[in-house]
Amino acid sequence: MQHNGLTPLTSPLTTGKAPGSERVDPLQAKVDALNARYRHHSATAVMEAALKDPQAGKLAMVSSFGAESAVLLHMAAVVDRKIPVLFVDTEMLFAETLVYQQDLAEQLRLENVQVIRASDSTLAAEDPVGTLHQHDTDACCALRKTRPLQKALRGYDGWITGRKRFQSGTRAALEFFEIEDFTGRIKVNPLAHWAPDDVRAYMEENRLPRHPLVAKGYPSIGCAPCTSPVAEGEDPRSGRWRGQDKEECGIHFVDGKIVRTGEKT
């Protein structure tokens, strides 16, 4: 069975009915077809596919303007500088991140960077003194990051992320294209198969500026109160919510749940 000229699916989802009456889930079919088509392609080819292949739908890019964000943003800028880039300002970010966001967007000549924040009224109601992160990091992430982003993503068929398999065990099986739990949107991960050396080489070859906190021991950068430096040999994300049984802010889910696998050392 062909799907818009793409590779035929070999393992469609079925309804559990008798042979011959199977139904293919259309969204899963689209994702499977995209993965089959671009399985052996480069990250740049996957990025171009995400922005130009009609199968991928209407996409936005979500960027934290963090330690490795320049790579994905540069790839996108080469293809289309008008791509919507959603940057969630939790109002608890490092000052260095805010400066880096402005400088990098200007250098890459990105034309559609959208700064997303929770509304003042919502913050006043749920975190009036700004201390929610001290006793409930999940609620703080939901308030300041997850909910504002989900609202901003309405109207898009999917979004492009900078996630990579090497970042943690929970991302070890990451594919180029996947279905986001609960929303039915497609998530595109062009750098899924990249290793740390690939990231460094791309940044050097394209003379991309590094986030200033990388040189200070921050390989993964989130909000200032919940991010600490990482020692040599530690998991790159071990400085995020250090000491807590928490590995994701809630933007990304595994099996429909926020990841709870603990810190890796």
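Above this text is the structure in question.
Let me begin by describing the structure that accompanies this report. Predicted, not measured: the structure shown is a model, and the values here were computed from it.

## Some remarks on the overall build of the chain
Line of reasoning, step 1. From N to C terminus, the chain includes eight helices and eight strands.
Line of reasoning, step 2. The burial tally for the chain puts 46% of its 265 residues in the buried class.
Line of reasoning, step 3. For the chain, restricting intrachain contacts to residue pairs at least 6 apart in sequence, the fraction spanning at least 24 positions comes to 65%.
Line of reasoning, step 4. Summing over all exposed atoms, the chain offers an accessible surface of approximately 13100 Å²; the carbon and sulfur share of this is 49%.

## Some words on the environment of Ser220
Line of reasoning, step 1. Mapped onto the elements, Ser220 comes out in the loop between helix H8 (196–205) and strand E7 (253–254).
Line of reasoning, step 2. Ser220 sits in the buried class, given a relative accessible area of 9%.
Line of reasoning, step 3. A sequence separation of 19 residues divides Ser220 from Gly239, and the C-alpha atoms of the two residues are 7.2 Å apart.
Line of reasoning, step 4. Here Ser220 is in contact with Ala67, Thr227, Pro236, Arg237 and Arg240, once residues within four sequence places are set aside.
Line of reasoning, step 5. At 2.8 Å, the side chain of Ser220 and the side chain of Arg240 are in polar contact.

## Here we look at helix H3 (residues 69–79)
Line of reasoning, step 1. H3 sits mainly inside the fold: nine of its eleven residues count as buried.
Line of reasoning, step 2. Within H3, the full set of buried residues consists of Ser69, Ala70, Val71, Leu72, Leu73, His74, Met75, Ala76 and Ala77.

## Quick look at the pairing of strand E2 (residues 85–88)
Line of reasoning, step 1. Of the two faces of E2, the one holding Val85 and Phe87 and the one holding Leu86 and Val88 are both buried throughout.
Line of reasoning, step 2. Where strand E1 (residues 59–62) lies against E2, two bridges are found, and the strand directions are parallel. For Met61, the partnering residue across the bridge sits in E2 and is Val85.
Line of reasoning, step 3. On the question of chirality, the crossover connecting E1 to the parallel E2 by way of H3 is right-handed.

## So, the nonpolar core
Line of reasoning, step 1. Within the largest apolar cluster, 41 residues are counted, with the highest numbers of intra-cluster contacts made by Met61, Ile160 and Phe177.
Line of reasoning, step 2. Secondary structure elements with two or more residues in this core: helix H1 (26–38), helix H2 (43–52), E1, H3, E2, helix H4 (95–108), strand E6 (186–188) and H8.
Line of reasoning, step 3. If you tally residues by element for this core, the top one is H3, at seven residues.
Line of reasoning, step 4. Once residues lying within four places of it in the same chain are set aside, the contact partners of Met61 are Met47, Leu72, Leu73, Ala76, Ile83, Pro84, Val85, Leu86 and Ile160.

## Concerning the sheet that holds strand E5 (residues 177–179)
Line of reasoning, step 1. A sheet is described by the order of its strands in space; here six strands give the open sequence E3-E2-E1-E4-E6-E5, paired in mixed fashion. The sheet terminates laterally at strand E3 (113–116) and E5, the two strands that pair on one side only. Looking at each pair of strands side by side, their axes are set apart by 30° on average, direction ignored.

## Brief notes about the packing of aromatic side chains
Line of reasoning, step 1. Taken as a whole and assessed by the stated rule, the structure comprises four aromatic pairs.
Line of reasoning, step 2. Consider the rings of Phe94 and Tyr218, whose centres lie 5.6 Å apart with planes at 70°: the pair is edge-to-face. Of this pair, Phe94 sits in the loop between E2 and H4 while Tyr218 sits in the loop between H8 and E7, and the two are 124 residues apart along the sequence.
Line of reasoning, step 3. For Phe94, a relative accessible area of 12% gives the class buried.
Line of reasoning, step 4. Between Trp194 and Tyr202, the aromatic rings sit 5.7 Å apart at their centres with planes inclined by 55°, giving tilted as the arrangement.
Line of reasoning, step 5. Under the relative-accessibility criterion, Tyr202 is labelled buried at 13%.

Procedures and definitions
Residues numbered from 1 in each chain as written. Predicted model: local features only at pLDDT ≥ 70, side-chain atom pairs only at ≥ 80, totals over all residues. Heavy atoms only, no water. Helix = DSSP H or I, 4+ residues; strand = E, 2+ residues; numbered from the N terminus. Buried < 20%, exposed > 50% of the residue type's maximum accessible area, 1.4 Å probe, protein only. Contact = heavy atoms within 4.5 Å. Areas by Shrake-Rupley, 256 points an atom, 1.4 Å probe, with all protein chains shown as cover. Polar contact = N/O pair within 3.5 Å; in protein donor to acceptor, adjacent residues only side chain to side chain. Pairing = 2+ DSSP bridges. Right-handed = clockwise from strand over helix to strand, strands pointing away. Core = buried A, V, L, I, M, F, W, Y, C linked by side-chain atoms within 4.5 Å. Axes fitted to C-alpha atoms, helices over the stretch in contact; angles between N-to-C directions. Phe/Tyr/Trp six-rings, centres within 6.5 Å; stacked < 30°, edge-to-face > 60°.

Functional significance is not addressed by these values, which are geometric in nature.
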